[in-house]
Amino acid sequence: MTDGSRTTGQDRTADENKGRGEGRPDSKPGSEPDSERISERISERVSEPDSERVSRRDDAVRAAVEQGLLTPAHPIVALLDVPGIRASAAALRAAFDAVTAPGTPVLHAFAVKAAPLVPVLRLLREQGIGAEVASPGELALARTAGIPPARTVLDSPAKTLAELREALTLGIAVNADSPQELDRIDAIVRSAATGSPIGLRVNPQVGGGSIEALSTATATSKFGVALRDEGARAWIVRAYADRPWLTRLHAHSGSQGMPLSLMAQGVAETYALAEEINRHVGRRQVDTIDIGGGLPVDFGSDTTAPTYAQYAQLLAEVVPGLFDGRYGLITEFGRSLLAKHGTVLTRVEYTKSAGGRAVAVTHAGVQVATRTVYAPGAWPLRIAAYDAKGRPKTGPDVVQDVAGPACFAGDLLAEGRALPLLEQGDHVAALDTGAYYFAHHYAYNSLARPGIYGFAPSGDATGRTDGRSSTGGTGNAGDAGSTSGAGNAGGMRFAVVREPQSLDEIVAESGGAHGPSLTTL
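The model shown is predicted, which means the values in this text are computed figures rather than measured ones.

The rules behind these values
- The numbers attached to residues start from 1 for each chain and follow its sequence in the written order.
- Local features are withheld for residues below a pLDDT of 70 in this predicted model, meaning they are given only at 70 or higher, and side-chain atom pairs are given and counted only at 80 or more; totals for whole chains, interfaces and linings count all residues.
- With hydrogens and water stripped out, all remaining heavy atoms of the structure feed into the side-chain values.
- By definition here, a salt bridge exists when the distance from a side-chain nitrogen of Lys or Arg to a carboxyl oxygen of Asp or Glu is within 4 Å.
- Helix numbers and strand numbers start at the N terminus; a helix is a DSSP run of H or I with at least 4 residues, a strand a run of E with at least 2.
- Think of a polar contact as two N or O atoms within 3.5 Å of one another; within protein, one of them needs to be a possible hydrogen donor and the other a possible acceptor, and neighboring residues in sequence only count if both atoms come from side chains.
- Pairs of residues are marked as contacts when any of their non-hydrogen atoms sit within 4.5 Å.
- The rule is short: rings of Phe, Tyr and Trp, with Trp giving its six-membered ring, pair when the centres are within 6.5 Å, and they are stacked under 30 degrees, edge-to-face over 60, tilted in between.
- Only protein chains enter the calculation, and the probe is 1.4 Å; a residue is then buried if its accessible area is under 20% of its type maximum, exposed if over 50%, and partly exposed in between.
- Between any two strands, pairing holds if DSSP finds at least two bridges.
- Comment: axis = line fitted to C-alpha atoms, over the contacting stretch for helices; angle = value between 0 and 180 degrees taken between N-to-C directions.
- Between 65 and 115 degrees an angle is taken as roughly perpendicular, under 35 as roughly parallel, over 145 as roughly antiparallel, and anywhere else as oblique.
- A clockwise turn of the near helix away from the far one marks a right-handed crossing, whereas an anticlockwise turn of less than a right angle marks a left-handed crossing.

Caption draft 1: Inspection of the pattern of salt bridges at higher detail. Taken as a whole and assessed by the stated rule, the structure comprises 23 salt bridges. Between Glu 126 and Arg 122 there is a salt bridge, with the nearest N and O atoms lying 3.7 Å from each other. In this pair, Glu 126 and Arg 122 are both assigned in helix H4 (residues 118–126), four residues apart and thus about one turn of the helix distant. The shortest N-O distance in the salt bridge between Arg 284 and Glu 275 comes to 3.4 Å. What emerges from the salt-bridge pattern is a single network uniting Arg 57, Asp 302, Lys 340, Arg 382 and Asp 432.

Caption draft 2: Fine view of the side chain of Arg 57. Looking at the secondary structure, you find Arg 57 in helix H2 (residues 50–66). In this structure the side chain of Arg 57 is engaged in a polar contact, spanning 3.0 Å, whose partner is the side chain of Asp 302. Not counting residues up to four positions away in its chain, the partners in contact with Arg 57 are Asp 302, Thr 343, Arg 382, Tyr 386, Leu 431 and Phe 455.

Caption draft 3: Geometry of the packing of aromatic side chains. Going through the model one piece at a time under the given rule, you end up with ten aromatic pairs. Ring centres of Tyr 271 and Tyr 327 lie 5.9 Å apart, and the angle between their planes is 75 degrees; this geometry places the pair in the edge-to-face category. A residue pair is termed long-range when its members are at least 10 positions apart, and Tyr 271 in helix H9 (residues 260–281) and Tyr 327 in the loop between helix H10 (308–318) and strand S10 (328–331) qualify at 56 residues. Here Tyr 327 falls in the buried class, since its relative accessible area comes to 0%. Ring geometry for Tyr 374 versus Phe 408: centroids 5.8 Å apart, planes at 5 degrees, classification stacked.

Caption draft 4: Fine view of the pairing of strand S17 (residues 451–457). Along S17, six of the seven residues are buried, which leaves the element largely enclosed by surrounding structure. The sheet contact formed by S17 and strand S19 (residues 492–498) spans six bridges and is antiparallel. Across the sheet, Ala 456 pairs through a bridge with Arg 493, a residue of S19.

Caption draft 5: Structural detail: the packing of helix H8 (residues 232–242) against H9. It is at 10 Å that the axes of H8 and H9 come closest, and there the two elements cross at 50 degrees. As judged from the angle between their axes, H8 and H9 are oblique. For the pair H8 and H9, the crossing hand works out as right-handed. In contact with Arg 233, Ile 236, Val 237, Tyr 240 and Ala 241 of H8, H9 contributes Ala 272, Leu 273, Glu 276, Ile 277, His 280 and Val 281.

Caption draft 6: Region of the structure containing unusual backbone geometry. Ala 305 connects to Pro 306 through a cis peptide bond whose omega is -5 degrees. Looking at where Pro 306 falls in the secondary structure, it is placed in the loop between strand S9 (288–290) and H10. In this structure, Asn 445 is a non-glycine residue whose phi angle is positive, near 60 degrees. Among the secondary structure elements, Asn 445 is positioned in the loop between strand S16 (427–431) and S17.

Structure, rendered in structure tokens:
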């Protein structure tokens, strides 16, 4: 099997690597990484104070109200901060560039599940970010966004034979999730040549975080081959020895609620396994390690923490051999790239009092914040109050509920939250919702999907002042169109990412064309 993009020297023998500290997760092929020097290098390359993001968000809210993005027919919109997304992508690249040896092949593949929107994928593609996909739908989105097969990774615990054949025909990287899936790949590889890099996902079983449902490295996780189960490690080594084309190793131990130390431990376990495999086969067969993503997000403040720089520095200290140039590197971050750059904005339709507590009834609830509504303890959202003109609301804090439109009592964005007293006609913003929120609509009560708009100040860092979308668009699905921002609040420009769902579309998706079908049975 060949992969023209590889430069890690997979055919070097083990003898060529003696003295480089193989097989020890804490090996030090060179001097210890200088964290202060790394931080300085990253700061010089990309830095965006969080205060700038907050100010830009306030300007966008005001402009969205003034420009009429919220209407009686569409009283809820979702906003994406395009300069902020660009800054996060640059910070990710800079963080790992600072700790990897020159010439190391690195692919940062965005976890498409975090924001399955073609214009977002297109924007990230222009920032040097690829795609990690886990379904035929996500692969179709990535291909529509123009992300090439060489920059796409297919992960899923339930890949069908058809999905595997398509990926291996296109040259997309595939991480097998189980021995049975590897058997399927064996059959495909025997019948037809492929240029796809192929790896195996392992579960390092280092433990879980504070959110059990998102903990992928527990003893009984459904993902990957459980590394610490009896006989599993020996089976994995034999699997690589029997398959010279198996050249990658993948693990994903992080997610929201996971401490960085545990994530780093999972990466260290995976690196040690790669070293063991290569020693056993006597050559550099595993040439690329996919460390997954899962960097947590601080939903409690406007601070970006932890940062990519902090995580990359920690990995460089815990697993220095991963970055000495012998292995290509793949990451699969999602939430951390997008969360801070999304805002759900809605109008306060009514206010009331119940049991002595103020209640603001809005149009944002379970349909755009499903996790928060059903598991508020694990997924609390910050709420910002704006007045009828879209300006930050001032005044003494009053404990109140912010309710959504769905017909069940628990449909609350926030319960007992201290905010300036909301009034009819004001606006509410649910912050940090750029990933896994408004892009994942939940059609309770047949509530319509909100329109999604990217925003950027006129004459931002992209230098575009010609009225085009800051996502590079001209109005089709892959290139979001723009609305003029000339003369509007803050000089803010908006681009359509996804149109608001119409009533006709709701009816069509609910079987409208097949109305009489059941009556004929």
